[in-house]
Amino acid sequence: MRLLFLGDMVGKTGRTAVWDRLPGLVSDLKLDFVIVNGENAAGGFGITEDIFLETINAGADVVTTGNHVWDQKEAVVFCERHDQFLRPANYPAGTPGRGSGLYYARNGARVLVANIMGRVFMHPELDDPFKSAEAILDACPLKEQADAIIFDFHAEATSEKQCFGHFVDGRASFVVGTHTHVPTADAQILNGGTAYMSDAGMCGDYDSSLGMEKEEPLNRFISKMPKGRFEAASGPATICGVGVEISDATGLAEKIAPLRLGPRLAETIPDFWR
């Protein structure tokens, strides 16, 4: 199975770049399944129903989120209407929406996708992500109820992300980190066969501070005083993500490599998809 994960869409420039490029990627690379993190798609803060639907229409099979999931108040309502929209699974019981789901890939494979949020340096601090993942895996084990299992681990601390990867190694197909908006250079297959990358990066303007116009963040570092609001940067976007080949026989990863397309970072497409 060919799976593509795209990192956090940031603002109009990020989401538009994804909408423009994703249909061609699905066709040209013969992708079986696509996941996009959309939690920063609406001006850098949250996501609207229209943006969610446009992302699905462009070729995403699932849209994940993170700590900004509720920044657009309408998300509390529309999250209940769409099975393909995920918020972190480790929110307390009774929270609207869903944190995981079982979907069908274009090749017919059953794909379990789970959205989990870390707790180190994160707000709000949610329930234990490791226990949450354990419950999800117990309910839908790899190669029993699911042919592939993917975790979007939305977290700040690389150490927490890495430990989560080792925790589910051999029981999940792929663990990818989101939230920090900077692509890491550690795409690898862990000892048990789980593909892992600490952060997929963002889909947005990299002439920025994490996708935000850089003047106000810089001002706050220097003066410690706010002068205005954070605004999503509006320059040309670079799409960042990661591609994974998953074995149909085992549900574990066979190949992993970053994907980057755009004007700011060095472009790369996984060699095994060229």
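Parameters and conventions
Residues numbered from 1 in each chain as written. Predicted model: local features only at pLDDT ≥ 70, side-chain atom pairs only at ≥ 80, totals over all residues. Heavy atoms only, no water. UniProt positions renumbered as here; feature names shortened; annotations may be inferred. Helix = DSSP H or I, 4+ residues; strand = E, 2+ residues; numbered from the N terminus. Contact = heavy atoms within 4.5 Å. Buried < 20%, exposed > 50% of the residue type's maximum accessible area, 1.4 Å probe, protein only. Pairing = 2+ DSSP bridges. Phe/Tyr/Trp six-rings, centres within 6.5 Å; stacked < 30°, edge-to-face > 60°. Lys NZ or Arg CZ within 6 Å of the ring centre and 35° of its normal. Patch = residues over 30% accessible without salt bridge, like charges linked within 9 Å, V, L, I, M, F, W, Y side chains within 5 Å. Areas by Shrake-Rupley, 256 points an atom, 1.4 Å probe, with all protein chains shown as cover. Salt bridge = Lys/Arg side-chain N within 4 Å of Asp/Glu carboxyl O.

As recorded by an unreviewed UniProt entry, the protein carries the name TIGR00282 family metallophosphoesterase and is attributed to Rhizobium miluonense.

What follows is about the UniProt feature "active site" (unreviewed entry) in the protein. UniProt records the feature "active site" (unreviewed entry) for His68 in the present numbering. Along the chain, His68 falls in the loop between strand 4 (62-64) and helix 3 (75-78). When sequence neighbours within four positions are dropped, the list of residues in contact with His68 reads Glu39, Asn40, Phe45 and Gly46.

In terms of burial, strand 12 (residues 239-246) is a largely internal element, eight of the eight residues being buried. The two faces of strand 12 match: Ile239, Gly241, Gly243 and Glu245 on one face and Cys240, Val242, Val244 and Ile246 on the other face are all buried. When strand 1 (residues 2-6) meets strand 12, the two strands line up antiparallel, connected through five bridges. Counterpart to Arg2 in the pairing with strand 12 is Glu245. Inspection of the sheet shows strand 12 paired to strand 13 (residues 253-261) by eight bridges, in the antiparallel sense. If you follow Ile246 over to strand 13, its bridge partner there is Ala253.

Moving on, we come to the packing of aromatic side chains. All chains considered together, the criterion is met by 10 aromatic pairs. Ring plane angle 85° and centroid distance 5.2 Å describe the contact between Phe130 and Phe167, whose orientation is recorded as edge-to-face. Here Phe130 is found in helix 4 (residues 129-139), whereas its partner Phe167 is found in helix 5 (residues 158-168), with 37 residues between them in sequence. The class of Phe130 is partly exposed, set by a relative accessible area of 22%. Its relative accessible area of 29% is what places Phe167 among the partly exposed residues. Of the aromatic side chains, those joined through ring pairs into one cluster are Phe130, Phe151, Phe153, Phe164 and Phe167. In this structure, Arg171 packs its charged tip against the face of Phe167, placed 5.1 Å from the ring centre.

It is worth spelling out a nonpolar patch on the surface at this point. The grouping of Leu218, Phe221 and Ile222 at the surface amounts to a nonpolar patch, some 390 Å² of accessible area in total. Relative to the helices and strands, Ile222 resides in helix 6 (residues 215-223).

By definition, the strands of a sheet pair up through backbone hydrogen bonds, in either a parallel or an antiparallel sense. Taken in spatial order, the six strands make up an open sheet running 5-6-7-8-10-9, and their pairing is mixed. Each end of this open sheet is capped by a strand with a single partner; those strands are strand 5 (100-104) and strand 9 (188-189). With seven bridges joining them, strand 6 (residues 110-117) and strand 7 (residues 148-154) adopt parallel strand pairing. Looking across to strand 7, one finds that Asn115 is bridged to Asp152.

A separate point is unusual backbone geometry. A cis geometry characterises the amide bond from His123 onward to Pro124, with omega recorded as 0°. Among the structural elements, Pro124 can be located in the loop between strand 6 and helix 4. With phi around 105°, His179 is a residue other than glycine that occupies positive phi space. Assignment of secondary structure puts His179 in the loop between strand 8 (174-178) and strand 9. By relative accessible area, His179 is classed as buried at 16%. Positive phi is not limited to glycine here, since Lys224 has a value of about 65°.

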